[in-house]
Amino acid sequence: MASTSRACDWLSGARVGLSGRPGGGRCAGGGAWAGGRRPCGAAGGMAEAAEAAEPGNLAGVRHILLVLSGKGGVGKSTISTELALALRHAGKKVGILDVDLCGPSIPRMLRAQGRAVHQCDSGWVPVFVDQEQSISLMSVGFLLESPDEAVVWRGPKKNALIKQFVSDVAWGQLDYLVVDTPPGTSDEHMAAVEALRPYGPLGALVVTTPQAVSVGDVRRELTFCRKTGLQVVGIVENMSGFVCPHCTECTNIFSQGGGAELARLAGVPFLARPLPSPFAGSVPLDPELTRSLEEGRDFIRDFPQSPAFPALSSIAQKVLSEAPARLS
């Protein structure tokens, strides 16, 4: 059985291999290992799941949600991270699949950078970010020798790694698998959709910022969702104003209302509907949110008084209510 690794060699066109780095860990079924022997699911969890479900390692995942945007820099990774944390606090088990191969930022946002990927009988074991193993994560960031290393790959190599992430990661039982994607509607998106489609209906959470340029790009992402058969669970408007920490006045730095208008025109839900507070609907710019992501802190737990907290909580609650109906 293979051990662990932090690098993947694709120069020969072979499948990603894990080799060379001994170490201990814990598999998704709860069974611990030591040294070179890694029985996956010594307590029976992963082994039973693999035997009971023919579809493979995603058989225990109830809902799959892709976080998309036609525009870069709108905060997809931020929304993916905070959605996972909010769902965890709602009692759900969540996995995050980071397919942004050229910009894998989720490990840092969850303070998981530097962790090693292990193997068990069912495949690669995702990295658990908490002791309760309620959030698991797989990212190419765990496979690089250095955080400064660039992934300089053409489409076929990217597609193959994404397909291997889908087929070979032993996720175990999850309520939600959140897929963080790069900007656009290109190779990585098609590879992820094609690889995930056999495991059930796929949902899309589309992120935009308020200004017209961003909304125009995101409109094309909605076209991509229609063409590929993704069920749009809703639109999120991020960076929607800045709330002064002293007077609580909200300044609309990037315009306002673009996400809500796009949702209305497209006939899809706007997940952060305006609340009685003028800034609590869409997710505002918030230095505390930025700081928590840079430090890998749990924003949902540590900053309940933040102006961004009601919006992020509202998004999670709407995902909990919308996803089961739309993805059943």
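Refer to the structure printed above.
Predicted model only: the values in this text are computed from it and were never measured.

S.K.: Whenever I open this one, the overall build of the chain confuses me. Can you help?
M.R.: Each helix and strand counted, the chain has ten helices and 13 strands in total. Of all 328 residues assigned to the chain, the portion counted as buried reaches 55%. Of the contacts formed within the chain by residues at least 6 apart in sequence, a portion of 74% connects residues at least 24 apart. With the model as given, the accessible surface of the chain reaches about 14000 Å², and the carbon-plus-sulfur share is 51%.

S.K.: Explanation requested: unusual backbone geometry in the structure shown.
M.R.: Note: most peptide bonds trans; most residues except glycine with negative phi. Even without being glycine, Arg-111 reaches a positive phi, approximately 55°. Structurally, Arg-111 can be placed in the loop between α3 (106–109) and β5 (118–120). A positive phi angle is found at Met-239, which is not glycine, with a value near 55°.

S.K.: Explanation requested: the nonpolar core in the structure shown.
M.R.: One broad rule of soluble globular proteins: the nonpolar side chains tend to lie buried together. Residues Leu-66, Leu-97, Phe-165, Trp-171, Leu-177, Leu-196 and Val-283 are the most contacted members of the largest nonpolar core, which totals 87 residues. By residue number, the principal contributor to this core is helix α10 (residues 308–326), which donates eight residues. Ignoring sequence-local partners within four residues, the contact set of Leu-196 consists of Leu-58, Ile-64, Leu-66, Val-166, Leu-177, Val-179 and Leu-202.

S.K.: Sorry, what's going on with the environment of Arg-219 here?
M.R.: In this fold, Arg-219 is placed in helix α6 (residues 212–228). Distance from Arg-219 to Ala-263, taken between C-alpha atoms, is 9.5 Å for residues 44 residues apart in sequence.

S.K.: Which parts of the structure should I look at to understand the environment of Val-99?
M.R.: Looking at the element boundaries, Val-99 is found in the loop between β4 (94–98) and α3. When the C-alpha atoms of Val-99 and Asn-159 are compared, they prove to be 9.7 Å apart, with 60 residues separating the residues in sequence. If sequence neighbours within four positions are ignored, Val-99 has contacts with Ile-162, Val-179, Asp-180, Thr-181, Pro-182 and Glu-188.

S.K.: Got a minute to help me understand the packing of aromatic side chains in this structure?
M.R.: Geometrically, a pair of aromatic rings is defined through the distance of the ring centres and the angle of the planes. Per the stated rule, a full pass over the model turns up two aromatic pairs. Seen in terms of ring centroids, Trp-124 and Phe-165 are 5.8 Å apart; in terms of plane orientation they differ by 70°. Their pairing is edge-to-face. Highlighted residues: Trp-124 in strand β6 (residues 123–125) and Phe-165 in helix α4 (residues 155–168), separated in sequence by 41 residues. Owing to a relative accessible area of 2%, Trp-124 belongs among the buried residues under this scheme. With a centroid separation of 5.5 Å and 25° between ring planes, the pair formed by Phe-299 and Phe-303 is classed as stacked. An identical accessibility class is assigned to Phe-299 and Phe-303; each is buried.

S.K.: Whenever I open this one, the layout of surface pockets confuses me. Can you help?
M.R.: Unfilled space is identified by rolling a water-sized probe across the atoms. Space inside the largest pocket adds up to approximately 390 Å³. Lining the largest pocket are 19 residues, and of these Pro-104, Pro-107, Arg-108, Gln-113 and Pro-147 lie nearest its centre. For the lining of the largest pocket, the secondary-structure elements that each account for two or more residues are α3 and α8 (287–295). Per-element tally for the lining of the largest pocket: the top contributor is α3, with three residues. Grouping the constituent residues of the lining of the largest pocket by class yields ten nonpolar, five polar and four charged. Within this model, the second largest pocket holds a volume of roughly 260 Å³. If you trace the second largest pocket, you find 14 residues lining it, with Arg-88, Leu-110, Val-129, Gly-296 and Asp-298 closest to the centre.

S.K.: I keep staring at the pattern of salt bridges and nothing clicks. Help me out?
M.R.: One side chain can pair with another of opposite charge once the charged atoms of both are near each other. Evaluation of the coordinates by the stated rule reveals ten salt bridges. The salt bridge involving Asp-302 is made with Arg-301; its shortest N-O contact spans 2.8 Å. Judged by relative accessible area, Arg-301 falls into the exposed class, the value being 53%. Residues participating in the shared-partner salt-bridge network are Glu-295, Arg-297, Arg-301 and Asp-302.

S.K.: Sorry if this is basic, but what is going on with the packing of helix α5 (residues 187–196) against α6 here?
M.R.: Packed helix pairs are characterised by how far apart their axes lie and by the angle those axes make with each other. At their nearest, the axes of α5 and α6 sit 12 Å apart, and the two run at 35° to each other. Both α5 and α6 take part in a crossing whose hand is right-handed. In this structure, α5 contributes His-189, Met-190 and Val-193 to the contact, and α6 contributes Glu-221, Phe-224 and Thr-228. Residues belonging to the contact of α5 with α6 are distributed by class as follows: three nonpolar, two polar and one charged.

S.K.: Looking at this model, I keep getting lost on α10. Mind explaining?
M.R.: Because each turn of an α-helix spans 3.6 residues, side chains separated by three or four positions in sequence point in the same direction. End to end, α10 covers 26 Å across 19 residues, agreeing with the expected 27 Å (1.5 Å per residue, within 8%). At Leu-320, α10 is deflected by roughly 25°, the largest bend along its length, and proline Pro-324 occurs up to four residues later in sequence. Of the surrounding secondary structure, the elements contacted by the buried residues of α10 are β3 (61–68), α2 (76–89), β9 (174–180), β11 (231–237), α8 and α9 (299–302).

S.K.: Teacher, can you tell me more about the side chain of Ser-134 here?
M.R.: One can find Ser-134 in the loop between β7 (127–128) and β8 (135–139). Since its relative accessible area comes to 11%, Ser-134 is described here as buried. For Ser-134, the side chain forms a polar contact with the side chain of Asp-130, separated by 2.3 Å. With near-sequence residues (within four places) excluded, Ser-134 lies in contact with Arg-88, Lys-92, Lys-93 and Val-94.

What counts as what
Residues numbered from 1 in each chain as written. Predicted model: local features only at pLDDT ≥ 70, side-chain atom pairs only at ≥ 80, totals over all residues. Heavy atoms only, no water. Helix = DSSP H or I, 4+ residues; strand = E, 2+ residues; numbered from the N terminus. Buried < 20%, exposed > 50% of the residue type's maximum accessible area, 1.4 Å probe, protein only. Contact = heavy atoms within 4.5 Å. Areas by Shrake-Rupley, 256 points an atom, 1.4 Å probe, with all protein chains shown as cover. Core = buried A, V, L, I, M, F, W, Y, C linked by side-chain atoms within 4.5 Å. Phe/Tyr/Trp six-rings, centres within 6.5 Å; stacked < 30°, edge-to-face > 60°. 1 Å grid on protein atoms, 1.4 Å probe; cavity = no way out; pocket = protein on both sides within 12 Å on 5 of 7 lines; lining within 4 Å. Points joined across faces, edges and corners; volume = space filled by probe spheres on them. Nonpolar A, V, L, I, M, F, W, Y, C, P; charged D, E, K, R; others polar. Salt bridge = Lys/Arg side-chain N within 4 Å of Asp/Glu carboxyl O. Axes fitted to C-alpha atoms, helices over the stretch in contact; angles between N-to-C directions. Left-handed = near helix turned anticlockwise from the far one by under 90°. Expected span 1.5 Å × (residues − 1). Bend = angle between axes of the 7 residues up to and from the residue. Polar contact = N/O pair within 3.5 Å; in protein donor to acceptor, adjacent residues only side chain to side chain.

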